[in-house]
Amino acid sequence: MSGAEIPVLVAALALGGCGLLVMWLSRRGRDGRLPRNQVAGVRTSLTLSSDAAWDAAHRASARATAIAGWGPITGGAAAAVLIVVSPATEPVMIPAAVV
């Protein structure tokens, strides 16, 4: 692996990890195991007003949130595949235009 591929690998792992985190939060919200908080979840003034509203909002949005988690997972997997498939070449330096 060349030095040019390392940033792509880091981005691929970060994307995949973020997607997994979104899916994990979706599942916890759907199961009623995501406590009301100011960091993660569907945070509106209505959902933060009561535990019942918080749980109802997360049950209703669980499917869409889980689907949204697949986006970064797919992007991370595509980036990882590109590392394996692409030839190992050094980056091309493009000279700045002189005006």
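For the structure, see preceding data.
Residues numbered from 1 in each chain as written. Predicted model: local features only at pLDDT ≥ 70, side-chain atom pairs only at ≥ 80, totals over all residues. Heavy atoms only, no water.

### Considering the environment of glycine 75
Spelled out, the test is: In DSSP terms, a helix is any run of H or I states spanning at least four residues, a strand is any run of E spanning at least two, and both are numbered starting from the N terminus. The buried label goes to any residue with under 20% of its type's maximum accessible area, the exposed label to any with over 50%, and the partly exposed label to all in between, with areas taken from a 1.4 Å probe on protein chains only.
Here glycine 75 is to be found in helix H2 (residues 51-85). With a relative accessible area of 28%, glycine 75 lands in the partly exposed category. Separated by 56 residues in the primary sequence, glycine 75 and glycine 19 place their C-alpha atoms 9.3 Å from one another.

### Regarding the environment of asparagine 37
Put simply, the test is: Throughout, a contact is declared for two residues whenever any of their heavy atoms are within 4.5 Å. The definition of a polar contact used here is a pair of N or O atoms within 3.5 Å, where within protein one atom must be able to donate a hydrogen and the other to accept one, and adjacent residues in sequence count solely through side-chain atom pairs.
Mapped onto the secondary structure, asparagine 37 falls in the loop between helix H1 (6-30) and H2. Here the alpha-carbon distance between asparagine 37 and leucine 48, two residues 11 residues apart in the chain, equals 7.7 Å. In this view, asparagine 37 contacts Arg43, Leu48 and Trp54; residues no more than four positions away in its chain are not counted. Polar contacts involving the side chain of asparagine 37 include one to the main-chain amide nitrogen of valine 39, which spans 2.7 Å. Among the polar contacts made by the side chain of asparagine 37, one reaches the main-chain amide nitrogen of alanine 40 at a distance of 2.6 Å.

### Some points on the pattern of salt bridges
Heads up, the rule is: We define a salt bridge as a contact between a side-chain nitrogen of Lys or Arg and a carboxyl oxygen of Asp or Glu at a distance within 4 Å.
Enumeration according to the criterion identifies 3 salt bridges in this entry. Between aspartate 31 and arginine 30 there is a salt bridge, and its shortest N-O distance comes to 3.1 Å. Here arginine 30 falls in the partly exposed class, since its relative accessible area comes to 42%. The closest approach of N and O atoms between arginine 36 and aspartate 51, which form a salt bridge, is 2.8 Å. Highlighted residues: arginine 36 in the loop between H1 and H2 and aspartate 51 in helix H2, separated in sequence by 15 residues.

### Concerning H1
Under the convention used in this document: Here, expected helix span is obtained from the residue count minus one, scaled by 1.5 Å.
Across its 25 residues, H1 extends 36 Å between first and last C-alpha, which sits within 8% of the 36 Å expected from 1.5 Å per residue. Buried within H1 are the following residues: Ala12, Gly16, Gly19, Ser26 and Gly29. Here the buried face of H1 lies against H2.

### Things to note about the packing of H1 against H2
The line we're drawing: To obtain each axis, a line is fitted to C-alpha atoms, and for helices this fit is confined to the stretch in contact; angles are then taken between N-to-C directions over 0 to 180 degrees. Orientation labels follow simple angle bins: below 35 degrees gives roughly parallel, above 145 gives roughly antiparallel, 65 to 115 gives roughly perpendicular, and whatever is left gives oblique. Left-handed describes a crossing in which the near helix is turned anticlockwise from the far one by less than a right angle; the clockwise case is right-handed. Any residue that is not Ala, Val, Leu, Ile, Met, Phe, Trp, Tyr, Cys, Pro, Asp, Glu, Lys or Arg is counted as polar, Gly included; the first ten are nonpolar and the last four charged.
The geometry of H1 relative to H2 is characterised by a closest axis approach of 7 Å and an angle of 165 degrees between their N-to-C directions. The angle between the axes of H1 and H2 places the two elements in the roughly antiparallel class. In the packing of H1 onto H2, the handedness of the crossing is left-handed. Taken together, the residues of the contact of H1 with H2 sort by class into 15 nonpolar, 9 polar and 2 charged.

### Overview of the side chain of threonine 47
By secondary structure assignment, the location of threonine 47 is in the loop between H1 and H2. Given a relative accessible area of 5%, threonine 47 falls into the buried group. In this structure the side chain of threonine 47 is engaged in a polar contact, spanning 2.7 Å, whose partner is the backbone oxygen of valine 42. The residues contacting threonine 47, other than those within four sequence positions of it, are Arg36, Val42, Ala53, Trp54 and Ala57.

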